[in-house]
Amino acid sequence: MPEYEFVDVYVPRGVPRKEATRLLTDHAEYGNWELDRLSLYRDGSRRVRLRRRIIRQVRATW
């Protein structure tokens with residue numbers, strides 16, 4: 001079963017949708033994050049949970 005690490009990103013109200021999209025796209029392209037959950041609140045703010053897979057290195061034994 002794959003292991004993931006998570007990060008929560010808070011986007012305050014008043015931030016245009018285009019800017020929020022650019023922020024999340026940058027996280028995806030440069031940090032290898034993918035969208036796990038998006039919560040849109042009544043005041044217009046967003047809480048985004050991103051995840052990326054943890055790749056464990058297996059030590060080679062000689």
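Residues numbered from 1 in each chain as written. Predicted model: local features only at pLDDT ≥ 70, side-chain atom pairs only at ≥ 80, totals over all residues. Heavy atoms only, no water.

Tracing the backbone through its elements, the reader meets serine 45 in the loop between β2 (34–40) and β3 (46–54). On the accessibility criterion, serine 45 (3% relative accessible area) is buried. A polar contact of 2.8 Å, which involves the side chain of serine 45, links it to the side chain of aspartate 43. (Helix = DSSP H or I, 4+ residues; strand = E, 2+ residues; numbered from the N terminus. Buried < 20%, exposed > 50% of the residue type's maximum accessible area, 1.4 Å probe, protein only. Polar contact = N/O pair within 3.5 Å; in protein donor to acceptor, adjacent residues only side chain to side chain.)

For the rest of this paragraph, the subject is unusual backbone geometry. Within the chain, asparagine 32 stands out as a residue other than glycine whose phi angle is a positive 60°. Here asparagine 32 shows up in the loop between α1 (17–31) and β2.

Take the pairing of β3 next. The side chains of a regular strand alternate, first on one face of the sheet and then on the other. Note that strand β1 (residues 3–11) and β3 share nine bridges and pair antiparallel. Residue pairing across strands places phenylalanine 6 opposite arginine 51, the latter belonging to β3. Alignment of β2 against β3, held across six bridges, turns out to be antiparallel. Paired with leucine 40 across the strands is arginine 46, a residue of β3. Here β2 folds back onto β3, and the loop between the two strands holds five residues, one of which, glycine 44, carries a positive phi near 100°. (Pairing = 2+ DSSP bridges.)

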